[in-house]
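A look at the structure
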Amino acid sequence: MKRRNFIGTSAAASVGFLTTSAAMANNENKNLSPKLKYNINHSVCYWCYDSIPFEDFLKHLVAMDIRSIDLVGPDEFPLLKKYNIHASMCWGAGKGIVEGWNDPKLHDELIADYERVIPLVAEAGYTNLICFSGNRNGMDDMVGLRNCAKGLKQLMPLAEKHGVVLQMELLNSKINHKDYMCDTSEWGVSLCETIGSENFKLLYDIYHMQIMEGDIIRNIQDYHQYYGHYHTGGNPGRHEIDETQEIFYPAVMKAIVETGYTGHVAQEFVPSWEDKLAALKQGVTICDV
């Protein structure tokens, strides 16, 4: 699954010279912050880099001028404050991806858990808290939508009071999350309209939606008011977002900027490079339009 960058040449001596030069440049680049435009507010999902100790990873983000991190919970908040890193998408409530709001038997448990975490997110100065539909398990999509709306509506007064936005992630049910219900923009947008609160949005994962529906830029243009957050990832494979895959991220990022979006875009590709931080730096640079 891993690959290494290399420079090919027909001359053996040139191979050695260029490889040495590339290694020196790579080492130097590790110590340099990319000169970011910040038309896009950059973030990164830590789970993709969790072989690096969390505090060390935060230090690397500071060095790279990446000011936010995704998918962290209250236990991590103190370290985020220490390094002045913003939590752009929080987790810590709910039962995960498979068991979610489409199951009314879980509503009491889910509501109690989110009622516990929403104030913690707000107290820390953060806004976004992730949630999931759950798997279908034979349930009709419209029944599941009504179930999700019924449960989530009960949380909207508390979310609105604390200024917290619950964001349901759009995931593919074809490759990675078989049977997941919230797997298209159409279904997610219908849920947003049914709930009818600015404190409920969709986390639009570009990788997942490329698999399920494609037409990424048009959907961003048509439905951006319902998308509260974005994740990246290369398809196929969910690796680097460069020329090795089919999504042209500069155009996608320009489309996001043109909607007036002021939230965050988080890198959520799984690095295949040996140097994971170099892969992250490249991804952020590609998205910095």
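Numbering of residues starts from 1 in every chain and runs along the sequence as written. Only residues with pLDDT of 70 or above have their local features reported here, since the model is predicted, and side-chain atom pairs are shown and tallied only from 80 upward, although totals for entire chains, interfaces and linings are computed over all residues. Side-chain descriptors were evaluated using all non-hydrogen atoms of the structure, hydrogens and water having been removed beforehand.

Attention now goes to the packing of helix α5 (residues 141–153) against helix α7 (residues 185–195). Note on geometry: axes are C-alpha line fits, over the in-contact stretch for helices, and angles between N-to-C directions span 0 to 180 degrees. Helix and strand assignments follow DSSP, with helices taken as H or I runs no shorter than four residues and strands as E runs no shorter than two, numbered in order from the N terminus. Orientation of α5 relative to α7, taken along the N-to-C sense of each, is 40°, at an axis distance of 9 Å. When the axis of α5 is compared with that of α7, the two are oblique. Crossing hand, α5 versus α7: right-handed. Of the residues in α7, those touching α5 at Asp-141, Gly-144, Leu-145, Cys-148, Ala-149, Leu-152 and Lys-153 are Trp-187, Ser-190, Leu-191, Thr-194 and Ile-195. Residue classes follow a fixed rule: Ala, Val, Leu, Ile, Met, Phe, Trp, Tyr, Cys and Pro count as nonpolar, while Asp, Glu, Lys and Arg count as charged, and any other residue, Gly among them, counts as polar. Split by residue class, the contact of α5 with α7 holds seven nonpolar, three polar and two charged. For classification purposes, an angle smaller than 35 degrees is called roughly parallel, one larger than 145 roughly antiparallel, one from 65 to 115 roughly perpendicular, and anything else oblique. Handedness of a crossing is defined here by the sense of rotation of the near helix relative to the far one, left-handed for an anticlockwise turn of less than a right angle and right-handed for a clockwise turn. The criterion used for residue contact is that any of the two residues' heavy atoms lie within 4.5 Å.

All right, on to the packing of aromatic side chains then. Centres within 6.5 Å are what make two rings of Phe, Tyr or Trp a pair, Trp counting through its six-membered ring; a difference in plane orientation under 30 degrees is then read as stacked, over 60 as edge-to-face, and the rest as tilted. The full count for this structure, using the stated rule, is nine aromatic pairs. Relative to Phe-54, the ring of Tyr-46 lies with its centre 5.0 Å away and its plane at 80°, an arrangement referred to as edge-to-face. The cut-offs for exposure are 20% and 50% of the maximum accessible area for each residue type, with area from a 1.4 Å probe on protein chains only; residues under the lower value are buried, those over the upper are exposed, and the others partly exposed. In this structure Phe-54 comes out as buried when scored by relative accessible area, which is 14%. Centroid distance Tyr-227 to Tyr-230: 6.1 Å. Interplanar angle 80°. Geometry classified as edge-to-face. Residue classification places Tyr-227 among the buried residues on the basis of a relative accessible area of 3%.

What follows covers the confidence of the model for the protein. The predicted coordinates of low-pLDDT regions are not to be read in fine detail. Taken residue by residue, the protein gives an average pLDDT of 91. The fraction at 70 or more is 88%. This stretch, residues 1–32, has a pLDDT under 50; its non-local contacts, to residues over four places away or in other chains, come to 22 contacts. Known as pLDDT, the predictor's confidence for each residue is given on a scale from 0 to 100.

In an α-helix, one full turn covers 3.6 residues, which means residues spaced three or four apart are oriented alike. Taking 1.5 Å of rise per residue, the 17 residues of helix α4 (residues 107–123) would be expected to cover 24 Å, and the 24 Å separating its terminal C-alpha atoms lies within 8% of that figure. Within the sequence span of α4, burial applies to His-107, Leu-110, Ile-111, Asp-113, Tyr-114, Val-117, Ile-118 and Val-121. The inward-facing, buried residues of α4 abut α3 (77–83), β3 (86–90), β4 (128–131), α5, α6 (156–162) and β5 (165–170). Each residue after the first adds 1.5 Å to the expected span of a helix.

Let's shift gears to the pattern of salt bridges. Note on definitions: salt bridges are taken to be side-chain nitrogens of Lys or Arg within 4 Å of carboxyl oxygens of Asp or Glu. Scanning all chains against the criterion turns up eleven salt bridges. Across the pair Arg-67 and Asp-65 runs a salt bridge whose closest N-O atoms are separated by 3.1 Å. Taking the relative accessible area as the measure of exposure, Asp-65 reaches 23% and is therefore partly exposed. Because the salt bridges share partners, they merge into one network encompassing Lys-95, Glu-99 and Glu-109.

Next up on the list: the nonpolar core. Residues enter a nonpolar core if they are buried and are Ala, Val, Leu, Ile, Met, Phe, Trp, Tyr or Cys, with the set joined through side-chain atoms within 4.5 Å. Among the nonpolar cores identified, the biggest contains 88 residues, and Ile-69 and Met-168 are the most heavily contacted of them. The dominant element in this core, judged by the number of residues it contributes, is α4, at six residues.

Our focus in this paragraph is the environment of Gln-154. Relative to the helices and strands, Gln-154 resides in the loop between α5 and α6. According to the relative accessible area criterion, Gln-154 is partly exposed, its value standing at 47%. Once the C-alpha coordinates of Gln-154 and Ile-111 are considered, the two residues, 43 residues apart in sequence, prove to be 7.7 Å apart.

What follows covers unusual backbone geometry. Peptide bonds are mostly trans, and most non-glycine residues show a negative phi. Note that the residue after Asn-235, namely Pro-236, is joined by a cis bond; omega there is 5°. You can see Pro-236 is positioned in the loop between β7 (227–231) and α10 (249–258). Positive phi values are uncommon outside glycine, yet Asn-137 reaches one of about 50°. Among the secondary structure elements, Asn-137 is positioned in the loop between β4 and α5.

Contact geometry for helix α2 (residues 54–64) and helix α11 (residues 276–287): axes closest at 12 Å, N-to-C directions at 40°. With respect to their mutual orientation, α2 and α11 come out oblique. In this structure, α2 meets α11 at a crossing whose hand is right-handed. Where α2 abuts α11, its residues Phe-57, His-60, Leu-61 and Met-64 lie against Leu-277, Leu-280 and Lys-281. In terms of residue class, the contact of α2 with α11 is made up of five nonpolar, one polar and one charged.

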